[in-house]
Amino acid sequence: MESGMPLSGRQRALIRESWQRVSGSPEQHGLVLFTRLFDLDPDLLPLFQYNCKQFASPQECLSAPEFLDHIRKVMLVIDAAVSHLDNLSRLEEYLCNLGKKHQAVGVKVESFSTVGESLLYMLEKCLGTAFSPDVQEAWSKLYGAVVKAMQRGWDTLPEGD
């Protein structure tokens, strides 16, 4: 499971080092990610419903206990990807099934580019000057590989992609 060229040893090290700095506060950093996501695409808000409750605003959603649980799960998926950098293919089936779940609730494949932008934004805000162009490139590559695996879960994806 690779997106284009595999991650180099240096890129894997950059991802691990940067994630170590972020992973200690997953909920706090996840809130940065999802706040940015809703800023970039407020139309994604209706996808997040819990017990048939529609949120009136991103702030209401971001403070809901059920949504905070979703944030923790997203951060765990990122953590799993970082933990399996040397063998991302071990996550292939899990990520494919995760893609199916996202499709089932109405997420569009195109939305993943906005999530990727939000992930990079979160990393930049949390890492400050340590968020170098090399770190950005490494994370973009990893995220691309994760999304490619998740896309395989979409029914409409043509065979062989």
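Up top is the structure.
Residues numbered from 1 in each chain as written. Predicted model: local features only at pLDDT ≥ 70, side-chain atom pairs only at ≥ 80, totals over all residues. Heavy atoms only, no water.

Student: Would you explain the nonpolar core in this entry?
Tutor: Membership of the largest hydrophobic core comes to 49 residues, with the highest contact counts inside it found for Phe67, Leu123, Trp139 and Leu142. Every element with two or more residues in this core is listed here: α1 (9–22), α2 (26–40), α3 (58–62), α4 (65–83), α5 (92–104), α6 (111–127) and α7 (133–151). It is α7 that provides the largest number of residues to this core, a total of 10 residues. For Leu123, the contacting residues outside a window of four places in its chain are Val22, Gly128, Phe131 and Trp139. (Core = buried A, V, L, I, M, F, W, Y, C linked by side-chain atoms within 4.5 Å. Buried < 20%, exposed > 50% of the residue type's maximum accessible area, 1.4 Å probe, protein only. Helix = DSSP H or I, 4+ residues; strand = E, 2+ residues; numbered from the N terminus. Contact = heavy atoms within 4.5 Å.)

Student: It is not clear to me how the packing of α2 against α6 should be interpreted in this structure. Could you clarify?
Tutor: When two helices pack together, their arrangement is given by the angle between the helix axes and by the axis-to-axis distance. Packing of α2 against α6 leaves a shortest axis separation of 8 Å and a crossing angle of 135°. The angle between α2 and α6 places the two elements in the oblique class. α2 and α6 meet at a crossing whose hand is right-handed. Where α2 approaches α6, its residues His29, Val32, Leu33, Arg36, Leu37 and Leu40 are matched on the opposing element by Thr114, Val115, Glu117, Ser118, Leu119, Tyr121, Met122, Lys125 and Cys126. Taken together, the residues that form the contact of α2 with α6 break down as nine nonpolar, three polar and three charged. (Axes fitted to C-alpha atoms, helices over the stretch in contact; angles between N-to-C directions. Parallel < 35°, antiparallel > 145°, perpendicular 65-115°, else oblique. Left-handed = near helix turned anticlockwise from the far one by under 90°. Nonpolar A, V, L, I, M, F, W, Y, C, P; charged D, E, K, R; others polar.)

Student: Where do I start with α1 in this structure?
Tutor: Residues three or four positions apart in an α-helix share a direction because the helix packs 3.6 residues into each turn. Between its first and last C-alpha, α1 extends 20 Å over 14 residues, near the 20 Å set by a 1.5 Å rise per residue. Buried residues belonging to α1 abut α2, α4, α6 and α7. (Expected span 1.5 Å × (residues − 1).)

Student: Is there a simple way to explain the side chain of His29 in this structure?
Tutor: Relative to the helices and strands, His29 is located in helix α2. Within the structure, the side chain of His29 is placed 2.8 Å from the backbone oxygen of Val22, a separation counted as a polar contact. (Polar contact = N/O pair within 3.5 Å; in protein donor to acceptor, adjacent residues only side chain to side chain.)

Student: Even after reading the chapter, I still don't get the pattern of salt bridges, so can you show me in this structure?
Tutor: Pairing is possible between side chains that carry opposite charge, provided their charged atoms lie close to one another. Taken as a whole and assessed by the stated rule, the structure comprises six salt bridges. Of the charged contacts, one joins Asp69 and Lys73 as a salt bridge, the two residues approaching to 3.5 Å between their closest N and O atoms. Remark: Lys73 and Asp69 occur in helix α4; sequence separation between them is four residues, near one turn of the helix. Here Asp69 falls in the partly exposed class, since its relative accessible area comes to 33%. Measuring nitrogen to oxygen at the nearest pair gives 2.7 Å for the salt bridge that ties Arg152 to Glu92. Residue Arg152 is found in the segment after α7, and its partner Glu92 is found in helix α5; the two are separated by 60 residues along the sequence. (Salt bridge = Lys/Arg side-chain N within 4 Å of Asp/Glu carboxyl O.)

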